[in-house]
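Each chain is listed here by its residues.
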Amino acid sequence: MPDSRSSADVTVHLVYLARLREAFGRAGEALTLSGGDATVAAVIALLRTRGGAYAAELAAGRAVRIAVNHTLVGGVDSAVRDGDEVALLPPVTGG
Amino acid sequence: MTVRVQTADFDAGREIAALRDGDARVGAVAAFIGTVRDVNDAAHVSTLTLEHYPGMTEKALEAIVAEATTRFDILDALVIHRVGTLAPTDQIVLVAVTGGHRGEAFDACRFLMDYLKTRAPFWKKETTPEGARWVDARASDDEAAARWEPPAATR
């Protein structure tokens, strides 16, 4: 999409699960993306800029899966929309 | 098709009886129960706490069960997964499948467990004498799930 929506901010509700919740010290937060790049990749990139546990846990090569509105997404290019629930999941270990 | 996430224990016999429920088409029932071991990665485990992602968990399990019904000729399936704090020997998960014949029932049961292990949002945290630790995912679980590919994803 060209620039018609690029000025709109997109606020997503992040959910941190299991190990990530403990590493970040919180269960979730609201995060606003500006500049029109409303993708999973943009969320991850913004969190990494905080450094510390965020940079360490979300470093390239760390296995973190993303669910948008309770459905796992195939890749970081997936779009996020205003109001979406975006969850960061460590590798699952149920069963 | 039934999926349940609960803290309470389950009675596999009663659950399987309910799944069969007088259905005379059923010629095979395959079931799997996962239980808590007292040793993992050479450490003694005193308790195991299972966390999940409320809202997504049931949806993920339902998607896995739906996938099984498209892949296998089965009549019904049940998944019960416990959450909360468990102790060694406690039951964690029950998967049961009914079908006309054993082959499809066995295969569907194994498929359900293999996919559940890699796709359902549950996490285990162990308490050991050295402290609490999140259980690491196993490459062998990914390999077990990968055995069921292809068919290639159609979504």
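Provided above is the structure to which this section pertains.
What you see is a predicted model, and the numbers here were worked out from it, not measured in a lab.

## Points about the overall build of chain B
Inference 1: In terms of regular secondary structure, chain B is built from four helices and 10 strands.
Inference 2: Moving toward the C terminus, one meets the helices and strands of chain B in the order β-α-β-β-β-β-α-β-β-β-α-β-β-α.
Inference 3: Here the C-alpha radius of gyration of chain B, 16 Å, is about what a compact globule of 155 residues would show, namely 15 Å.
Inference 4: Of all 155 residues assigned to chain B, the portion counted as buried reaches 45%.
Inference 5: The contacts of chain B with a sequence gap of at least 6 include a subset with a gap of at least 24, amounting to 79%.
Inference 6: Entry remark: accessible area of chain B is about 8000 Å², with carbon and sulfur atoms responsible for 50%.
Inference 7: Taken together, the 18 basic and 24 acidic charged side chains of chain B have centroids lying 1 Å from each other.

## Section: the nonpolar core
Inference 1: Of all hydrophobic cores here, the largest spans 33 residues; its most connected members are B:Leu61, B:Phe72, B:Val79, B:Ile92, B:Val95, B:Val97 and B:Leu112.
Inference 2: Elements supplying a minimum of two residues to this core: β2 (28-35), β5 (47-52), α2 (57-71), β6 (74-82), β8 (91-99) and α3 (102-119) of chain B.
Inference 3: The element best represented in this core is α3(B), accounting for eight residues.
Inference 4: Among residues more than four places away in sequence, those in contact with B:Val95 are B:Ala30, B:Ala31, B:Phe32, B:Leu78, B:Val79, B:Cys109, B:Leu112 and B:Met113.
Inference 5: Membership of the second largest hydrophobic core comes to 22 residues, among which are A:Val12, A:Leu14, A:Leu58 and A:Val68.

## A few points about the interface of chain A and chain B
Inference 1: Tallying the contact residues gives 21 residues for chain A and 26 residues for chain B.
Inference 2: Together, the buried faces of chain A and chain B total about 1800 Å²; carbon and sulfur atoms form 57% of this surface.
Inference 3: Remark: the boundary between chain A and chain B carries two salt bridges.
Inference 4: A salt bridge links B:Glu51 to A:Arg21; the nearest nitrogen and oxygen atoms lie 2.5 Å apart.
Inference 5: If you look at where chain A meets chain B, you find 16 residue pairs in polar contact (both at pLDDT 80 or more).
Inference 6: At the level of secondary structure, the elements contributing two or more residues to the side of chain A that touches chain B comprise α1 (19-24), β3 (65-68), β4 (71-72) and β5 (85-89) of chain A.
Inference 7: Partitioned by chemical class, the residues of the side of chain A that touches chain B number 10 nonpolar, six polar and five charged.

## Some remarks on α2(B)
Residues and elements named next belong to chain B.
Inference 1: Compared with the 21 Å implied by 1.5 Å per residue over 15 residues, the 21 Å span of α2 between its first and last C-alpha is a close match.
Inference 2: Among all positions of α2, only Thr57, Ala60, Leu61, Ile64, Val65 and Ala68 are buried. Here the buried residues of α2 occupy an arc of 135° about the axis, which is enough to place them on one side.
Inference 3: If you follow the buried residues of α2, they end up packed against β1 (2-6), β5, β6, α3 and β9 (122-128).

## Some details on the side chain of B:Arg82
Residue and element names in this part refer to chain B.
Inference 1: Within the secondary structure, Arg82 sits in strand β6.
Inference 2: With relative accessibility at 9%, the residue Arg82 sits in the buried group.
Inference 3: Of the polar contacts made by the side chain of Arg82, one reaches the backbone oxygen of Ala8; its length is 3.1 Å.
Inference 4: In this structure the side chain of Arg82 is engaged in a polar contact, spanning 3.5 Å, whose partner is the side chain of Asp9.
Inference 5: Ignoring sequence-local partners within four residues, the contact set of Arg82 consists of Gln6, Thr7, Ala8, Asp9, Phe10, Leu50, Asp90, Gln91 and Ile92.

## With respect to the environment of B:Lys117
Inference 1: Tracing the chain through its elements places B:Lys117 in helix α3.
Inference 2: Along the chain, B:Lys117 and B:Ala12 lie 105 residues apart, while their C-alpha atoms are 20 Å from each other.
Inference 3: Setting aside anything within four residues of it in sequence, one finds B:Lys117 in contact with A:Val92, A:Gly94, A:Gly95, B:Lys124 and B:Asp141.
Inference 4: Here A:Gly94 takes part through its backbone oxygen, which lies 3.3 Å from a polar atom of the side chain of B:Lys117.

Cut-offs and rules
All residue numbers refer to positions counted from 1 along the written sequence of the respective chain. Labels are handed out in written order, letters beginning with A for the chains and numbers beginning with 1 for the ligands. In keeping with the predicted nature of the model, local features appear solely for residues at pLDDT of at least 70, side-chain atom pairs appear and are counted solely at 80 or more, and the whole-chain, interface and lining totals rest on all residues. Side-chain calculation: all heavy atoms of the structure are included, whereas hydrogens and water are not. Here a strand is any run of E in DSSP of at least two residues, a helix any run of H or I of at least four, and the numbering for each starts at the N terminus. Note that the radius of gyration is over C-alpha atoms, with the globule rule given as 2.2 Å times the number of residues to the power 0.38. Whether a residue is buried, partly exposed or exposed follows from its accessible area with a 1.4 Å probe, protein chains only, as a fraction of its type maximum: under 20%, in between, or over 50%, in that order. The criterion used for residue contact is that any of the two residues' heavy atoms lie within 4.5 Å. In short, Shrake-Rupley with a 1.4 Å probe defines the accessible areas, and a residue's cover is counted only from the protein chains shown. Working convention for charge: Lys and Arg count positive, Asp and Glu count negative, and His plus the chain ends are omitted. Charged side chains are reduced to one point each, which is NZ for Lys, CZ for Arg, CG for Asp and CD for Glu. Buried residues of nine kinds, namely Ala, Val, Leu, Ile, Met, Phe, Trp, Tyr and Cys, make up a nonpolar core once their side-chain atoms join them within 4.5 Å. Once two parts are joined, some of their accessible surface, as seen by a 1.4 Å probe, is lost; buried area is that loss totalled over both. Any carboxyl oxygen of Asp or Glu within 4 Å of a side-chain nitrogen of Lys or Arg constitutes a salt bridge here. Polar contacts, as used here, are pairs of N or O atoms within 3.5 Å; protein pairs need one atom able to donate a hydrogen and one able to accept it. Residues neighboring in sequence count only if both atoms are side-chain atoms. The classification used treats Ala, Val, Leu, Ile, Met, Phe, Trp, Tyr, Cys and Pro as nonpolar, Asp, Glu, Lys and Arg as charged, and all other residues, Gly among them, as polar. Between the first and last residue of a helix there are one fewer steps than residues, each counted as 1.5 Å, and that sum is the expected span. For this quantity, the arc is that covered by the directions from the helix axis to the C-beta atoms.

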